[in-house]
Amino acid sequence: MVVSPKVFFDDCYGVYGIAAVNVFTMEQILGLFRAGQKANAPFIVQLTPVARDYAHAKMLSAMIGAASRCYPNAVYAVHLDHGNETHAFDAIDSKEYQSVMIDASHDDFETNVTRTRSVVSRAHEHNIMVEAELGVLAGVEDDVSIAEEDSSYTKPSEVARFVKETCCDSLAVAVGTSHGAYKFSGGQGIQFHILEKIQEKLNGFPIVLHGGSAVNTEEIERINRYGGQLARGAAGVSTDELVKSIKYGVCKINIATDTRLLWARVHREFFGDEPELFDPVIPGRKYMKEYERFMLNKFDLLGATGKADRIKKRMNNKLVLNK
């Protein structure tokens, strides 16, 4: 069942978190849907412009549609992550997305408002939600690279005005996380005093946490043991901080790095242990199995396991009221 993220956020606010997972391949899509149905947990499938360029937007949409038929009890939404106006308008016109993100966070406040509002105006005509971003996250993801000195925390004093002027439906904030595997190089963690002030200004409004991967140090060590050269000291968001953030209005938690590390570890170990093999199906099956296990644990951590029934009930009640 495909559902608007608004229904997710109305149900989860302050209680549990929605995993928003970036996907690039068939294995990731199948693993995500399989885990979502097994956990009975709502989730968001995220596609970046780079993913849409790599696999083609139509191919990705077709795979998502096929996965939803393979796992008909899965409850999900499709979201464009980190798009500009061109990406957002294309996604809106395709009618295959329930939500789009316009990332104008690197612009000044007024330009960010203008660009975001233009996407909101088009999206709302089609009942599609818009996620905006205020503040700049450091790190590397896909083709986005922001140095730590160029990042900036979201200013709580600006959030209410920004939401009012743009009419966006959710807001990604910069509160200490970053993209990629080196989220807390300074060891500072999530700045909860900033997040708390943001929630005070936007009580009940859904907040989005980008850079929500945990970056398991064991995965880093196993990758390096089989020839990887990932720098030690990579750090992600601790489980305690991730769970705590939900109480401060964080509804949507973005996950990308963890599933990439998982892919690298599974394939390096497999071909390292089985150098005579070359069939992609064998490690592919192993990756899907491990991906499923990873997502089941993530749904449990975020408190989303079993919550899909609540979403279905909300949708059924809405249908009854609209009759």
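The rules we used
- Residues numbered from 1 in each chain as written.
- Predicted model: local features only at pLDDT ≥ 70, side-chain atom pairs only at ≥ 80, totals over all residues.
- Heavy atoms only, no water.
- Phe/Tyr/Trp six-rings, centres within 6.5 Å; stacked < 30°, edge-to-face > 60°.
- Helix = DSSP H or I, 4+ residues; strand = E, 2+ residues; numbered from the N terminus.
- Buried < 20%, exposed > 50% of the residue type's maximum accessible area, 1.4 Å probe, protein only.
- Lys NZ or Arg CZ within 6 Å of the ring centre and 35° of its normal.
- UniProt positions renumbered as here; feature names shortened; annotations may be inferred.
- Polar contact = N/O pair within 3.5 Å; in protein donor to acceptor, adjacent residues only side chain to side chain.
- Right-handed = clockwise from strand over helix to strand, strands pointing away.
- Pairing = 2+ DSSP bridges.
- Salt bridge = Lys/Arg side-chain N within 4 Å of Asp/Glu carboxyl O.

Before going further, it helps to examine the packing of aromatic side chains. In this structure the tally under the stated criterion is eight aromatic pairs. Considering the side-chain rings of Phe 192 and Tyr 248, the 5.5 Å spacing of their centres and the 45° angle between planes classify their relative orientation as tilted. With Phe 192 in helix 8 (residues 192-201) and Tyr 248 in the loop between helix 10 (239-246) and strand 10 (250-255), this pair connects stretches of sequence that are 56 residues apart. On the basis of relative accessibility, which here comes to 12%, the residue Phe 192 falls in the buried class. Here Tyr 248 falls in the buried class, since its relative accessible area comes to 18%. Of the aromatic side chains, those joined through ring pairs into one cluster are Phe 33, Phe 43, Tyr 76 and Phe 299. The ring of Phe 89 carries Arg 122 above its face, with NZ or CZ at 4.3 Å from the centroid. Directly above the aromatic system of Phe 192 lies the positively charged group of Lys 244, at a separation of 4.3 Å from the ring centroid.

On the UniProt side, "binding site: Zn(2+) 1" (unreviewed entry) is annotated at positions that read His 82, His 179 and His 210 here. Examined against the element boundaries, His 82 turns out to sit in strand 3 (residues 76-83). There is a polar contact of 2.7 Å between the side chain of His 82 and the side chain of Asp 103. Checked against the element boundaries, His 210 lands in the loop between strand 9 (207-209) and helix 9 (217-225). What makes His 210 buried here is its relative accessible area of 1%. Separated by 3.0 Å, the side chains of His 210 and His 82 make a polar contact.

Right, let's talk about the pairing of strand 4 (residues 99-102) for a bit. With burial as the criterion, each face of strand 4 is covered, one bearing Ser 99 and Met 101 and the other bearing Val 100 and Ile 102. Taking the sense of rotation as the criterion, the β-α-β connection linking strand 3, helix 5 (residues 85-94) and strand 4 turns out right-handed. Across four bridges, the pairing between strand 4 and strand 5 (residues 129-134) is parallel. The residue of strand 5 that forms the bridge with Met 101 is Glu 131. Where the polypeptide runs from strand 4 across helix 6 (residues 109-124) and back to strand 5, its parallel neighbour, the crossover connection is right-handed.

For the rest of this paragraph, the subject is the pattern of salt bridges. Considering all chains together, one arrives at 20 salt bridges under this definition. Between Glu 85 and Arg 115 there is a salt bridge whose closest N-O contact spans 2.7 Å. In this pair, Glu 85 sits in helix 5 while Arg 115 sits in helix 6, placing the two residues 30 residues apart along the sequence. A relative accessible area of 22% means that Arg 115 is categorised as partly exposed. Of the charged contacts in the structure, one is a salt bridge between Glu 290 and Arg 265, with a shortest N-O distance of 2.7 Å. Highlighted residues: Glu 290 in helix 12 (residues 281-302) and Arg 265 in helix 11 (residues 257-273), separated in sequence by 25 residues. For the pair formed by Glu 290 and Arg 265, the shared burial category is buried.

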